[in-house]
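# An overview of the molecular structure
The residues making up each chain are set out below.
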Amino acid sequence: MTPTSPPAIKATGLRKSYGDKLVLDDIDFEVPSGRIWSLLGPNGAGKTTLVQILSTLIRPDAGTVHVAGHDLLQQPEEVRRAIGVTGQFSAVDELLTGEENLLMMCRLYRLSPAESRQRTDELLQQFELAGDAKKLAGSYSGGMKRKLDLAMTLVGRPRIIFLDEPTTGLDPRSRRTMWAIIRALVAGGVTIFLTTQYLEEADELADRIAVLHKGGFVAQGTPSELKQLAPSGHIRLTFDSAEQLALAATALTNSEADEETLSLRVPNADDLRSMRRVLDRLDEASVTPVGMSVHNADLDDVFLTLTSQTANDNGKQGAVR
């Protein structure tokens, strides 16, 4: 995005309630064009509600939103022409073949028969589904269905794509295939609004991340910026007996013992100097661990830290701008 490029999405003062339940509480954010912007949050945090608002499926109670430069409430048709949505649940018709699903979507976009054929063939090739195009979609694997679902979203060449937990239920190989597809879309100039419960996924893909909790953003920033909000890392020591674990816990008073796994978590000990001090104390106590691993602060730590804090400002503290 150049300095003069307008944001793909801009929201100010966005609010949404269902009865007495406040789901989104006066939130502001911008999504840069041509980037991956990820929304994290626990179940029930309001992620899907936000996607539904931005994709014109439901109306906000208050606030202004512009998507692809169009006012969400005043120009919903223009917004719909600029976006594509892949939800948590596949829109694939399992009684049709992969090819037929794409051709059906082309008809919905009112493409001519020739354009429909060309676009379908392009997408089948792009998503490596050409060899299975004549098979019923119901016979596809979970990863193939997800690829077909996203291909259907791309029929209208959207400038902004909302991916609402797109890799839920996929195996690791299929998830990484989907990541590669998402990166390729962004390289082609598409903006991705990604909601996910996989912290590794947000860390792997997103240029910027927002954490939604109790109706508001508790943090926004790059993955690197957010990691600075978490406590520093720790080392994990494992022992071959409960006795050794108990002696180690006594020697390292700030540690956390797990008797089930015979392991000890020592916080703020992820640098060489700290590790030497830990090992010296264990030597003094005549304790020898059978294993040691270093854990650097990651988005899991950030997420747990932010969502476990008591919100002092209606859930909006700790923001990185």
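Residues numbered from 1 in each chain as written. Predicted model: local features only at pLDDT ≥ 70, side-chain atom pairs only at ≥ 80, totals over all residues. Heavy atoms only, no water.

## Comments concerning the overall build of the protein
Check the secondary structure of the protein and you find eleven helices and 14 strands. Dimensions along the principal axes, computed over C-alpha positions, put the protein at roughly 80 × 45 × 40 Å. Relative to its full complement of 321 residues, the protein shows a buried share of 47%. Long-range contacts, defined as pairs at least 24 residues apart, comprise 68% of the intrachain contacts of the protein with a sequence gap of at least 6. Approximately 16,100 Å² of the protein is accessible, and the part contributed by carbon and sulfur atoms is 49%. (Helix = DSSP H or I, 4+ residues; strand = E, 2+ residues; numbered from the N terminus. Buried < 20%, exposed > 50% of the residue type's maximum accessible area, 1.4 Å probe, protein only. Contact = heavy atoms within 4.5 Å. Areas by Shrake-Rupley, 256 points an atom, 1.4 Å probe, with all protein chains shown as cover.)

## Quick look at a positive patch on the surface
A surface patch of like charges, here positive, comprises Arg273, Arg276, Arg277 and Arg281. Counting through the fold element by element, Arg281 comes out in helix 10 (residues 272–284). (Patch = residues over 30% accessible without salt bridge, like charges linked within 9 Å, V, L, I, M, F, W, Y side chains within 5 Å. Salt bridge = Lys/Arg side-chain N within 4 Å of Asp/Glu carboxyl O. Lys, Arg positive; Asp, Glu negative; His and termini not counted. Charge placed at Lys NZ, Arg CZ, Asp CG, Glu CD.)

## Observations regarding the packing of aromatic side chains
All told, the structure shown has six aromatic pairs when counted by the stated rule. Relative to Phe217, the ring of Phe29 lies with its centre 5.8 Å away and its plane at 75°, an arrangement referred to as edge-to-face. Residue Phe29 is located in strand 2 (residues 21–31), and its partner Phe217 is located in strand 10 (residues 216–221); the two are separated by 188 residues in the primary sequence. For the pair formed by Phe29 and Phe217, the shared burial category is buried. Following the ring pairs from residue to residue traces out a cluster consisting of Phe29, Trp37, Phe162, Phe193 and Phe217. (Phe/Tyr/Trp six-rings, centres within 6.5 Å; stacked < 30°, edge-to-face > 60°.)

## What about unusual backbone geometry?
Non-glycine residue Arg110 carries a positive phi angle of around 60°. Residue position: Arg110 is located in the loop between helix 3 (98–108) and helix 4 (113–126). What makes Arg110 exposed here is its relative accessible area of 79%. Its identity as a non-glycine residue notwithstanding, Glu128 has a phi of 55°, on the positive side.

## Points about the pattern of salt bridges
Tallied over the full model, the rule gives 17 salt bridges. Among the salt bridges present, the one from Lys10 reaches Glu30, with a minimum N-O distance of 3.7 Å. In this pair, Lys10 is assigned in strand 1 (residues 9–18) and Glu30 in strand 2, connecting sequence segments 20 residues apart. For Lys10, a relative accessible area of 38% translates into the label partly exposed. As a salt-bridge pair, Arg183 and Glu204 come within 2.8 Å of each other at their nearest N and O atoms. Taken together, the residues Arg183 in helix 6 (residues 172–187) and Glu204 in helix 7 (residues 199–205) connect sequence positions 21 residues apart. Look at Glu204 and you get partly exposed, because its relative accessible area is 37%. Members of the salt-bridge network, linked through shared partners, are Glu99, Arg117, Asp121 and Lys134.

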